[in-house]
Amino acid sequence: MLKRKIYNTLLEWKISRKNEHKLECLMIKGARQVGKTFIIREFGKKEYKSFIEINFIKNPEYKSIFLGSLSSDEIFKRLTATFSNISFTNGDTLIFLDEIQKCANARTAIKFLAEDFRFDVISSGSLLGLSYSQDDDDDVTEPNSIPVGYEKNIIMHSLDFEEFLWANKVNDEAINILREYFKNGLKIPDVINNKYENLFTEYMVVGGMPEVVNDFVNNKDFNRVTEIQNKIIAEYQDDISKHARGAEKVKVRECYDAISRQLSKDLKKFQYSTVERGQTSKKYGGSIKWLKDSFLVNACTNVSEPLISLIGNEKQEQFKLYYNDTGLLFATYGPETRLALLNGTLKGNTKGGVYENIIAECLLKNGYTLHYYHPDDTHELEFLIEKDGEVIPIEVKASNSSSITLNNFIKTYNPKIAYKLIKGNNGISGTKHTLPHYMVMFI
């Protein structure tokens with residue numbers, strides 16, 4: 001079993017619900033294939049005496065549990081009648097409502113289930129577009145009432161780099177040694193730095209999808225990696241055809257396919273002309289929103305000023321789009337691009353694009369909202385984040401070239417710290433901290 005950080009988040013929720021009597025159920029959101037169902041199932045079986053899994057796609061007949069009165073007592077009676085072979089342990093039972101988008105009444109019932117401490121409830125599902133009205137699946141309907149205040153939402157991603165290291169048998173002690181190098185800005189011994197640079201390169205190619213990572217650590221076969229990644233991309237494309245409404249089906253697919261082309265250009269800002277010459281947001285804006293809401297892409301928005309709050313300074317019409325998993329991006333580029341990165345021979349705009357994609361992915365998984373700063377035609381900072389009440393600039397270099405834009409930013413805005421991520425080693429010059437790419441996991 002792959003070790004996932006979200007497991008501790010689930011455990012903290014269970015403890016707080018029990019000790020603090022929190023009236024809330026959990027909703028786990030995220031793209032397909034990031035491991036939502038697996039981790040909830042493992043959590044339920046390990047941490048509870050009783051575990052009931054209801055999948056509304058595999059077992060549509062279970063929708064009848066949520067017909068009629070939605071009081072917790074009535075639902076509990078129907079549950080015990082339906083699952084007569086399971087002993088319901090008072091206060092130590094988890095009910096897992098999977099693919100909940102297929103049962104609107106179950107979503108409405110969340111409020112009443114949250115108030116009943118005989119059991120805990122975790123739900124998950126596609127919920128593409130977040131708004132049920134945007135889903136073209138006839139079985140997906142709007143619930144009568146959204147359980148506002150009774151449902152805690154958690155977004156789950158594919159494995160981050162630290163989880164990837166755990167999967168590759170790197171223990172916490174070794175990671176803590178790296179963390180000390182990060183904190184103190186000390187030069188990392190070459191043998192250690194080379195090891196983690198190589199592992200980070202593998203992480204870029206393999207990505208963090210659990211099925212892919214698990215297969216890779218067992219077989220070390222990049223061809224098998226690509227085969228699984230292509231299967232996941234095909235499932236994403238199938239989801240688009242199932243769930244996007246009407247004419248959006250084609251437009252969403254076209255926008256998704258255009259991202260890899262855009263990242264191979266000098267200008268990474270998403271341009272609708274990359275999808276179709278001469279087109280604007282009027283035609284494709286809804287499709288971009290669909291992709292964002294379904295967690296298939298990570299968006300990074302330009303700001304007019306690099307000041308708190310970055311959201312308040314957004315230029316919403318100017319943004320970049322990145323794949324939610326860099327391994328999937330490499331699958332779209334093909335085996336020669338993958339080989340070039342692994343051999344250290346990848347060059348040009350594509351190299352810059354894949355490094356931006358992986359840093360965006362890592363920052364998002366660390367909990368940051370993504371922004372960039374493009375003040376003029378010749379200067380751009382790849383990322384700005386908010387941390388400890390400050391705006392922190394992050395420059396991404398595929399190698400270790402000069403950093404004119406970052407230096408100018410430091411002179412103008414005097415941030416308390418600035419990061420330059422490179423293929424190289426640690427170093428500190430004033431407030432500028434130069435770090436190897438993999439140390440983004442500590443930011």
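Everything below is about the structure shown above.
Procedures and definitions
- Residues numbered from 1 in each chain as written.
- Predicted model: local features only at pLDDT ≥ 70, side-chain atom pairs only at ≥ 80, totals over all residues.
- Heavy atoms only, no water.
- Helix = DSSP H or I, 4+ residues; strand = E, 2+ residues; numbered from the N terminus.
- Rg over C-alpha atoms; globule rule 2.2 N^0.38 Å.
- Contact = heavy atoms within 4.5 Å.
- Areas by Shrake-Rupley, 256 points an atom, 1.4 Å probe, with all protein chains shown as cover.
- Lys, Arg positive; Asp, Glu negative; His and termini not counted.
- Charge placed at Lys NZ, Arg CZ, Asp CG, Glu CD.
- Buried < 20%, exposed > 50% of the residue type's maximum accessible area, 1.4 Å probe, protein only.
- Pairing = 2+ DSSP bridges.
- Axes fitted to C-alpha atoms, helices over the stretch in contact; angles between N-to-C directions.
- Salt bridge = Lys/Arg side-chain N within 4 Å of Asp/Glu carboxyl O.
- Phe/Tyr/Trp six-rings, centres within 6.5 Å; stacked < 30°, edge-to-face > 60°.
- Lys NZ or Arg CZ within 6 Å of the ring centre and 35° of its normal.
- Parallel < 35°, antiparallel > 145°, perpendicular 65-115°, else oblique.
- Nonpolar A, V, L, I, M, F, W, Y, C, P; charged D, E, K, R; others polar.

1. Let's talk about the overall build of the protein
Here is step 1 of the chain: Summing up its helical and strand segments, the protein has 15 helices and 13 strands in all.
Here is step 2 of the chain: In terms of overall dimensions, the protein is globule-like: its C-alpha atoms have a radius of gyration of 23 Å, near the 22 Å expected for 443 residues.
Here is step 3 of the chain: Considered along the principal axes of its C-alpha atoms, the protein spans approximately 70 × 55 × 45 Å.
Here is step 4 of the chain: Long-range pairs, those at least 24 residues apart, make up 69% of the contacts in the protein with a sequence separation of at least 6.
Here is step 5 of the chain: In the structure as shown, the protein presents an accessible area of about 19200 Å², 47% of it carried by carbon and sulfur atoms.
Here is step 6 of the chain: When the 58 basic and 59 acidic side-chain charges of the protein are each reduced to a single mean position, those positions are 2 Å apart.

2. What to know about helix H4 (residues 104–114)
Here is step 1 of the chain: Of all eleven residues in H4, eight are buried, a share of seventy percent or more.
Here is step 2 of the chain: On the buried face of H4, the contacting elements are helix H1 (6–20), strand E1 (25–29), helix H3 (72–82), strand E3 (93–98), strand E4 (120–124) and strand E5 (151–155).

3. Considerations on the sheet that holds E5
Here is step 1 of the chain: Reading across from one edge, E2-E3-E4-E1-E5 is the order of the five strands in this open sheet, with parallel pairing throughout. Each having just a single partner strand, strand E2 (50–55) and E5 make up the two edges of the open sheet. With direction set aside, neighbouring strand axes in the sheet form an average angle of 20 degrees.
Here is step 2 of the chain: Sheet analysis places E1 next to E5, joined by five bridges and oriented parallel. Across the sheet, the residue bridging to Leu26 is Lys152, located in E5.

4. With respect to the side chain of Ser72
Here is step 1 of the chain: Structurally, Ser72 is set in helix H3.
Here is step 2 of the chain: Apart from residues lying up to four places away in sequence, Ser72 is in contact with Phe112, Asp116 and Arg118.

5. Re the environment of Gln316
Here is step 1 of the chain: Relative to the helices and strands, Gln316 resides in strand E7 (residues 314–323).
Here is step 2 of the chain: Look at Gln316 and you get exposed, because its relative accessible area is 60%.
Here is step 3 of the chain: On a C-alpha basis, the gap between Gln316 and Leu346 in space is 32 Å, while along the polypeptide they are 30 residues apart.

6. What to know about the sheet that holds E7
Here is step 1 of the chain: Taken together, the eight strands give an open sheet; going across it, the order is E7-E6-E8-E9-E10-E11-E13-E12, and neighbouring strands pair in mixed fashion. Edge strands, defined here as strands with exactly one partner in the open sheet, are E7 and strand E12 (427–429). Taken over all neighbouring pairs, the strand axes of this sheet differ in orientation by 30 degrees on average, direction set aside.
Here is step 2 of the chain: Pairing of strand E8 (residues 371–376) with strand E9 (residues 379–387), which is carried by three bridges, proceeds in the antiparallel orientation. Looking at E9, one finds that Tyr373 is bridged to Leu381.

7. Observations concerning the pattern of salt bridges
Here is step 1 of the chain: All chains considered together, the criterion is met by 30 salt bridges.
Here is step 2 of the chain: For Arg32, the salt bridge goes to Glu235, with nearest N and O atoms at 3.7 Å. Here the residue Arg32 occupies a position in the loop between E1 and helix H2 (36–47), and Glu235 occupies one in helix H9 (residues 222–243), the gap between them amounting to 203 residues.
Here is step 3 of the chain: Measuring nitrogen to oxygen at the nearest pair gives 2.6 Å for the salt bridge that ties Arg107 to Glu151. On the criterion of sequence distance, the pair formed by Arg107 in helix H4 and Glu151 in strand E5 is long-range, its members being 44 residues apart. Taken individually, Arg107 and Glu151 each receive the classification buried, so the pair is uniform in this respect.
Here is step 4 of the chain: One salt-bridge network, in which partners are shared between bridges, spans Lys5, Asp160, Glu162 and Arg179.

8. Digging into the environment of Ser72
Here is step 1 of the chain: The class for Ser72 is buried, based on a relative accessible area of 16%.
Here is step 2 of the chain: C-alpha of Ser72 to C-alpha of Asp116: the two residues are 44 residues apart in sequence and 6.6 Å apart in space.

9. Digging into the packing of aromatic side chains
Each aromatic ring pair is characterised by the separation of its centres together with the angle its planes make.
Here is step 1 of the chain: Within this structure, the stated rule accounts for 23 aromatic pairs.
Here is step 2 of the chain: When the centroid spacing of 5.8 Å and the interplanar angle of 40 degrees are considered together, the rings of Tyr196 and Tyr438 count as tilted. Of this pair, Tyr196 sits in helix H7 (residues 190–206) while Tyr438 sits in the segment after strand E13 (432–436), placing them 242 residues apart in sequence. Each member of the pair, Tyr196 as well as Tyr438, carries the same accessibility label: buried.
Here is step 3 of the chain: Ring pairs connect the aromatic residues Phe161, Phe164, Phe200 and Tyr203, which therefore count as one cluster.
Here is step 4 of the chain: When the ring centre of Phe117 is taken as reference, the NZ or CZ atom of Arg17 above it lies at 4.3 Å.

10. Section: the packing of H7 against helix H14 (residues 348–365)
Two numbers describe a pair of packed helices, the interaxial angle and the distance between the axes.
Here is step 1 of the chain: Where H7 contacts H14, the two axes come as close as 11 Å, and the packing angle between them is 90 degrees. By the angle between their axes, H7 is roughly perpendicular relative to H14. Residue-level inspection shows Phe200, Tyr203 and Met204 of H7 in contact with H14, the latter providing Val354, Tyr355, Ile358, Ile359, Glu361, Cys362 and Lys365.
Here is step 2 of the chain: Looking at the contact of H7 with H14 residue by residue, the classes come out as eight nonpolar, no polar and two charged.

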